[in-house]
Amino acid sequence: MSRRRKGRDVNGILVIDKPQGVTSNGILQQVKRLYGAAKAGHTGALDPLATGVLPLCFGEATKFSQMMLDSDKAYIATARLGVRTETGDSEGAVVEEKPVPAELSAEALEPLLDRFRGDIQQVPSMYSALKHKGRPLYEYAREGIKVERPARPVTIYQLDLLAVRANEIDLAVSCTKGTYIRSLVEDIGEALGCGAHVTALRRTMASGFTLDHVHKVPDLEAKRELGESLDGLLVAPDAALSMFPEVQLAGPSLVSILNGQPVRITGQSLEGFVRVYGSKGFVGLAEAITDGEAVQLVPRRLVKNSDQRKA
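Residues numbered from 1 in each chain as written. Predicted model: local features only at pLDDT ≥ 70, side-chain atom pairs only at ≥ 80, totals over all residues. Heavy atoms only, no water.

Chemist: What should I look at first to understand the packing of aromatic side chains in this one?
Modeler: Aromatic ring pairs are reported here in terms of the distance separating the ring centres and the angle at which the planes meet. One pass over the full model with this rule turns up 4 aromatic pairs. Taking the centre distance of 5.1 Å and the plane angle of 40° together, the rings of Tyr 35 and Phe 58 count as tilted. Highlighted residues: Tyr 35 in helix α1 (residues 24-35) and Phe 58 in strand β3 (residues 51-58), separated in sequence by 23 residues. The burial state of Tyr 35 is the same as that of Phe 58; both residues are buried. Site record: aromatic cluster; members linked through ring pairs are Phe 64, Tyr 277 and Phe 282. We note Arg 135 situated over the ring of Tyr 140; from NZ or CZ to the ring centre the distance is 4.5 Å. (Phe/Tyr/Trp six-rings, centres within 6.5 Å; stacked < 30°, edge-to-face > 60°. Helix = DSSP H or I, 4+ residues; strand = E, 2+ residues; numbered from the N terminus. Buried < 20%, exposed > 50% of the residue type's maximum accessible area, 1.4 Å probe, protein only. Lys NZ or Arg CZ within 6 Å of the ring centre and 35° of its normal.)

Chemist: Explain the side chain of Ser 183 here, please?
Modeler: Its location among the elements puts Ser 183 in helix α5 (residues 181-192). At a separation of 3.3 Å, a polar atom in the side chain of Ser 183 contacts the main-chain carbonyl oxygen of Val 123. Excluding residues that lie within four positions of it along the chain, Ser 183 makes contacts with Gln 122, Val 123, Pro 124 and Ser 125. (Polar contact = N/O pair within 3.5 Å; in protein donor to acceptor, adjacent residues only side chain to side chain. Contact = heavy atoms within 4.5 Å.)

Chemist: Can you help me understand unusual backbone geometry in this one?
Modeler: Apart from glycine, the bulk of residues carry a negative phi angle, and the bulk of peptide bonds sit in the trans form. With a phi close to 55°, Ser 207 is a non-glycine residue in the positive phi region. Note on placement: Ser 207 falls in the loop between β12 (196-206) and β13 (209-210). Look at Ser 207 and you get buried, because its relative accessible area is 2%.

Chemist: How do you make sense of the environment of Ala 102 when you look at a structure like this?
Modeler: For Ala 102, the position within the fold is in the loop between β6 (94-97) and α3 (106-114). Residue Ala 102 is classed as exposed on the basis of its relative accessible area of 79%. With 77 residues separating them along the chain, Ala 102 and Thr 179 place their C-alpha atoms 30 Å apart.

Okay, here's the thing in structure tokens:
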């Protein structure tokens, strides 16, 4: 019996402009097939309603998907005021309608929005992918089961009012991981006394990537139809790790790290994750731990760079 082909080795990150109406996993599988890749994953799902920045990791880059998932995000959201839905967005059934305040203006909204800036507590939506007893919350919600969700701390770095219309507002949001824009909009609607839900959501930044870096799936399909390679569109795994400081190693220290062994360095003040480089490029992530007057670098996520062992 012939062995089933598993795909080819593809390494790097591709930033997709996710279209509306499809799941993040659906886009991942579509692009994975276009590349014929053996291994791929995304870095945090966007709702089918949402569009925008969706980094996809291939091969060695999947080792850093959790760090990318933990990164800050940015969005532009449109909130429909006066209507609450089951899901907090326009895909859910309407559960309540109330009149929108007549005096709706930027000047009136600013003091209210200020309550939601900085460190806040947020209760996740029942229609989120958070797990309860091994099952995502949205599965319970679809069965009509309500699960108690403790509020969680999140940070809203930026909450700018972009536009005000008769019953809609546009918001620009920059926030920490785990922030639910639907929940934020619902809370703003509750503070206004009329309720609200999300009608449009576009992610403008994730893992340091912005809309300037995105590729559209139809463009990828067109290139493949013409027989063009898509590999040149990939960026290196470390492109998503710029939030971590850089350390250069050589000689025995580099070989030790590549063999999975901690090394001690002096003359640098480091703490937490660092990007490690050798003479031939990116090696991986190590954790810097203060050890007296030195720093110990403990390898955590390494890419395949066996050719650097003789560096």
